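The lines below spell out each chain.
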Amino acid sequence: MHCKMAESGKAETDGDNKVNDPSAWEKDELQTICLKNGGSQIDSPVKEEMLGYMKSFRARFKMVRKMSSLTFKNKRSMRNSNEQKQLSNSPLKPPPSPIMEINKLIEMEVLEEAYVNLLSLRLELQQEHQALEKEDCAVELGHKEKDLSLLYGTLRNKMYNIVRNSSALPSCSKELLVYVAKIILEEEKRQEEPGGLPGWREAWRNAVREGVRDTLKKVHLDSQEKNTSWLAVHLGLLGKAIVEDLETVKVELLSSYPADFDVFETYVSCHHEAVGEHLKRLLEHVTELKDYYTLLEFIIHRYPSFKIMGSCSLQPEMKEDQRVLPLDKDFLTQIKSKYCSRLQTDMRQSLDRIIELENEEMWKDRRKPETDEGLYSSHIDMDIWTIIKGYVQGSRQIDVDLEQKVVRSCLEELKPFPKRFESAFIELSNVLSNSSLWAEYHISYMNSFSALKEHMECYKDSCPIQLEQVRREIDGLTTRLSQTLMEHFKTDVKPFLRRQMTRKWFSFDEDFAQLVSRTLTLSEQSKYMSPTFKQTFVNEAHFFVVKEYVSQLMKNNYSCKNRKNETAASKITMQWGELKELFQDMKSTLDWLYPVGSLLSKIIECRKSEVKMNLQPLVENYPDIRKSHLSAVLYFRGIIRGREKHIILQQLTELKKNIGDAGNKEHAFFSEIQEAVNTDCFAGTPFSCLSLIVPDS
């Protein structure tokens, strides 16, 4: 590195060597020591005194340079004579100080005197190198070289410590820093000459860096056990220490250096480096989510803000592009990954706590679910939504990248929750399975998880894959809850449906009354169900009851005799009307089911000769009816065998063939009903009548 002083100095010729002119150097360069980076001069109480020191220092450097320009000819006596003559005419004190005296001057921080004598020693060594004959012994010269090297090392260490402690002790260091800077500049000019040490500017920068590290190490740091806000407090103190240190550099130290040292920029760079190292050490002790967040907020926002690097007190020296902390991308990614990992752990615990609260507040005490806008609800969806929303909004204040990672992490953690909740609910609510409260809980959780899915839709653009996985899990849970509720209803009413169309059925209405009662209960419960599920649920219940009711006609459990078919038809009509009204009140959309009961009732009620006339509307509305189904209805009607039955079955075949595609094929009904295995329809039929039987279609 070449300094501006070296470039602006003039040269004069002395023998064969060129030496910089100190007068020109002082005129052009010494003034820059008291200049700031912006080029404006600062009034300093020590300015004149320092300029005086530097002029004296430069005069001594000039004498040393003149000595370095001497050349020695072939004879050793001529060299000694010329050397004595030169030294006698020089203002420099001959002879140079001994090794111990120079070392003592360095330790006493008399840098000007020490360095001038050190240069004299170095010149003497150079002269002896030039004077040595090839056959001369160089042992003594080797000792001197070692002594010179040790003294240079001692000087560098002393200068290192002065620079390192300069921001901590600015009043004691300002004058010394002037000599430190000049020695560095002088050594850089003499770097091609033997006897010196390389890397003076780098050593100075290392000293600055270590000084900054020392400053940061002094910042108070509480233990996590002692203070839960340990990191936030520490980073606040750290930011304050950084600003104060740079203020000291700006006000106290800049005037001691030439402008080309870029002192303020160097200190800022070293602060960046030291802060980065410090934060990496802090990260090893961070375990809590709030502390990861605090660390990210400090790095991304607070550090470059007006609170620290953008502080007004550091202007105008602080450049805009120097304010941001230049960290490794991997380090920032590491913090964000740890943040998301801890977030998932915390969220998992929060979700488990939601299950615990539901058990403590609802299942144990058997509390009825609350209603919200006429629907059963629980606090689950809002609790989960509040948790996720808080995480996402907080991460958004850091940066968009973290927000994306947080959304993904939240959705990934939410994905297994529906099954965990379901397992806990089944285990802890089994004792309620025979109560209406059990059904109400199912409906409230169907509604809540459906609402939760709607809340999550706002993340479909940022994390579509993860959201789709959550959707599937929630849909799976709500479907299973709905199916469980439906299966419970089916299991509950099946015994009453199975006792329809039997001998007892004619005189006993209690079974049908129980069917209606339980269906009414279901209807009342379905009113509190979200529209998302209600229609499908009601339709399924409607289809099941109608199918099972009609199925009893297919089981050949009873055959009407002695005009009992009229009584049976009348009762079917009455019960069917009641069921129809019930499901209309439930707003079932399966209107196509309503005619089947009436049509079958007419077939059962009419005369045998009129069955064929009532058959056509049945086939038109339900073209999937088969001979086996109609045969079972005829059996219940009392037409068990004979020619009339076969004619009716043949009529069915012809009707189905004639109607063809004109019939209503949008819905399947009879194909869902299992007919009786053996209707005994051919028992006792003469062989000659079998020709009337056509294949089933």
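**Describing the pattern of salt bridges**
Here's step 1: Inspection of every chain in the model, using the stated rule, returns 47 salt bridges.
Here's step 2: Close ionic contact of D260 with R201 constitutes a salt bridge, the shortest N to O distance being 3.8 Å. Remark: R201 occurs in helix α9 (residues 200-217) and D260 occurs in the loop between α10 (230-253) and α11 (263-283); sequence separation between them is 59 residues. An identical accessibility class is assigned to D260 and R201; each is buried.
Here's step 3: For E540, the salt bridge goes to K490, with nearest N and O atoms at 3.4 Å. You can see E540 sitting in helix α20 (residues 531-551) and its partner K490 sitting in helix α18 (residues 464-498), a full 50 residues away along the chain.
Here's step 4: The class of E540 is partly exposed, set by a relative accessible area of 33%.
Here's step 5: With relative accessibility at 15%, the residue K490 sits in the buried group.
Here's step 6: It is possible to trace a salt-bridge network through shared partners that takes in R164, R205, R209, E210, R213, D214, E273 and E277.

**Examining empty space enclosed by the protein**
Which parts of space are left empty comes out when a probe the size of a water molecule is rolled across the atoms.
Here's step 1: Summed over the entire model, instances satisfying the criterion amount to two cavities of 30 Å³ or more.
Here's step 2: Volume-wise, the largest cavity comes out at about 60 Å³.
Here's step 3: Taken together, R156, M159, Y160, V163, V180, I184, W200, A203, W204 and A207 make up the full set of residues lining the largest cavity.
Here's step 4: Sorting the residues of the lining of the largest cavity by element identifies α7 (139-164), α8 (170-189) and α9 as the ones contributing at least two each.
Here's step 5: Its residues placed into classes, the lining of the largest cavity shows nine nonpolar, no polar and one charged.

**Some details on the state of the cysteines**
Here's step 1: What the rule picks out here adds up to zero disulfides.
Here's step 2: With no disulfide partner, C410 has as its closest neighbouring cysteine sulfur the one in C340, 8.3 Å distant.
Here's step 3: When its relative accessible area of 0% is taken as the criterion, C410 is described as buried.

Reading the values: the criteria
- Residues numbered from 1 in each chain as written.
- Predicted model: local features only at pLDDT ≥ 70, side-chain atom pairs only at ≥ 80, totals over all residues.
- Heavy atoms only, no water.
- Salt bridge = Lys/Arg side-chain N within 4 Å of Asp/Glu carboxyl O.
- Helix = DSSP H or I, 4+ residues; strand = E, 2+ residues; numbered from the N terminus.
- Buried < 20%, exposed > 50% of the residue type's maximum accessible area, 1.4 Å probe, protein only.
- 1 Å grid on protein atoms, 1.4 Å probe; cavity = no way out; pocket = protein on both sides within 12 Å on 5 of 7 lines; lining within 4 Å.
- Points joined across faces, edges and corners; volume = space filled by probe spheres on them.
- Nonpolar A, V, L, I, M, F, W, Y, C, P; charged D, E, K, R; others polar.
- Disulfide = S-S within 2.5 Å.

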